[in-house]
Amino acid sequence: MKIYEYQAKEIFRNYNIPTSKEKIAFSLDEAKSVAKNLTFPIVVKAQVLVGGRGKAGGVKIAKDINELESHVKSILGMNIKGLTVKKVLLAETIKIEAEYYVGITIDREKQSAVLISSASGGMDIEQVAQTSPEKILTIVIPSFLGLKPFQSRNVGYQLFNDANLVNNFISITTNLTRIFFDLDCSLVEINPLALYSVNNEKKLIAVDAKIVFDDNALFKHPDMAALRDIESEEPSEVQAKKADLSYVKLDGDVGCVVNGAGLAMATMDLIKRHGGNPANFLDIGGSSSPEKMRAAMKILTADKNVKAVLVNIFGGITRCDDVAQGLLWAMKEENIALPIVARLVGTNQDKAKALLTDSPITFAETMTDGVKKVIKALKG
Ligand code: GDP
Ligand code: MN
């Protein structure tokens, strides 16, 4: 689960990570009154759950109240990568002298949390990672010990040539690590971590903040779970969660209904391998009733990109006849006329086959057979 920059910054402040003086506003009027307690220039920042706001024109600096008004007007309601901006963060600006990157995430290959940092932070960090990976420093955080000061000191001296800044950096990365482990995050990121000067002293400050929580641990943090903004999530995924289905929307045209996450991934791989493009990941779970099957088909076919559906079930606890029943029910109730290929093996597969014999559904014997048939159906 992602949270907004302004929410992440609040967590930062609770963990003594420096941020600017700032406040959130939901309307132009509110923005104007919030601005009264801040000193210009003020940066107006779109609050949406995607990155790249700066490049999309969602971050603008205002030197006076007139500029602020016009920036807030242009940013509120703006569309950034399909999301509508409904709130803006107003923050006192600083004169940025350099932009660094620092983040903590899980590295699956290293089987551990890692601290990633770079002196080339800012809006082009993805580009830096691609073209000059040597500019990105990665160190493993031992899970039992946490990040040790000598580790961040080491990194700090590769980024800064000033002992004060290095100490700043140690404090920030230590606190960032505490957030990461305390709140069971999958990502905590500051980009840019900005360098600026006050009274000739150089300092670091978090200009942006990103926190992503591990959904599987959210139940341990009800106060964080309460920050969830359902309105900003993909509606089909919200619907799926309600029906107890694991669904992730993708941009292909072959809808997939599978039981088990592993089989679902394998099915998607196989579709790709045979030249197709999966429209989604969908795991209907171990025990599946006809109701669940109907809900799955409804969500799947609401996606207008879907041109054919592959049902791939390995029946264990899941009964193939339940799946077949649900499939027939869904086709009738939801008026589904798309080509459907079904591979149903395991518990009650004969009953399932009997149920589907007079239906328009194409049967497949194996996974590969199913994938080939659904791609053929797609091509007409
Ligand atoms: P993102 O594009 O969604 O990652 O949004 P950021 O919060 O990172 O802002 C994008 C860019 O705007 C930053 O890299 C900065 O260059 C600039 N920016 C943001 N806040 C400030 C600020 O307070 N002062 C100055 N001078 N620039 C800022
Ligand atoms: Mn940023």
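My aim in this report is to walk through the structure given alongside it, one point at a time. Values in this document were obtained by computation on a predicted structure and should not be read as measured data.

1. Notes on the overall build of the protein
Next up, step 1: Scanning the protein from terminus to terminus reveals 13 helices and 18 strands.
Next up, step 2: Projecting the C-alpha coordinates of the protein onto the three principal axes gives extents of approximately 80 × 50 × 40 Å.
Next up, step 3: Relative to its 380 residues, the protein shows a buried fraction of 48%.
Next up, step 4: Taking contacts inside the protein between residues at least 6 apart in sequence as the whole, the part at least 24 apart equals 66%.

2. Brief notes about the packing of aromatic side chains
Next up, step 1: On inspection of all chains with the given rule, the structure shows 4 aromatic pairs.
Next up, step 2: Relative to Tyr 6, the ring of Tyr 4 has its centre 6.0 Å away and its plane inclined at 25 degrees; by these criteria the two rings are stacked. Like Tyr 4, the residue Tyr 6 is buried in the burial classification.
Next up, step 3: Consider the rings of Tyr 100 and Phe 160, whose centres lie 4.6 Å apart with planes at 45 degrees: the pair is tilted. Linking Tyr 100 in strand S7 (residues 98–107) with Phe 160 in the loop between helix H5 (149–159) and helix H6 (163–182), this pair joins segments that are 60 residues apart in sequence. The residues Tyr 100 and Phe 160 share a single accessibility class, namely buried.
Next up, step 4: Through a chain of ring-to-ring contacts, three or more aromatic side chains come together here, namely Tyr 100, Phe 160 and Phe 169.
Next up, step 5: For the cation-ring pair, Arg 294 lies above Trp 329, with the distance from its terminal atom to the ring centre recorded as 4.8 Å.

3. Quick word on the coordination of the manganese ion (ligand 2)
Tetrahedral metal sites with four donors have an ideal angle of 109.5 degrees; octahedral sites with six donors have ideal angles of 90 or 180 degrees.
Next up, step 1: Surrounding the manganese ion (ligand 2) are the protein donor atoms Asn 191 (O) and Asp 208 (OD), at 2.2 Å. Pair noted here: Asn 191 is in strand S10 (residues 185–198) and Asp 208 is in the loop between strand S11 (201–206) and strand S12 (210–213), with a separation of 17 residues, a long-range link. Just as Asn 191 is buried, Asp 208 falls in that class too.

Quick notes on the rules
- Residues numbered from 1 in each chain as written.
- Chains lettered and ligands numbered in written order.
- Predicted model: local features only at pLDDT ≥ 70, side-chain atom pairs only at ≥ 80, totals over all residues.
- Heavy atoms only, no water.
- Helix = DSSP H or I, 4+ residues; strand = E, 2+ residues; numbered from the N terminus.
- Buried < 20%, exposed > 50% of the residue type's maximum accessible area, 1.4 Å probe, protein only.
- Contact = heavy atoms within 4.5 Å.
- Phe/Tyr/Trp six-rings, centres within 6.5 Å; stacked < 30°, edge-to-face > 60°.
- Lys NZ or Arg CZ within 6 Å of the ring centre and 35° of its normal.
- Donors = N, O, S within 2.8 Å, 3.2 Å for Na, K, Ca; no water.

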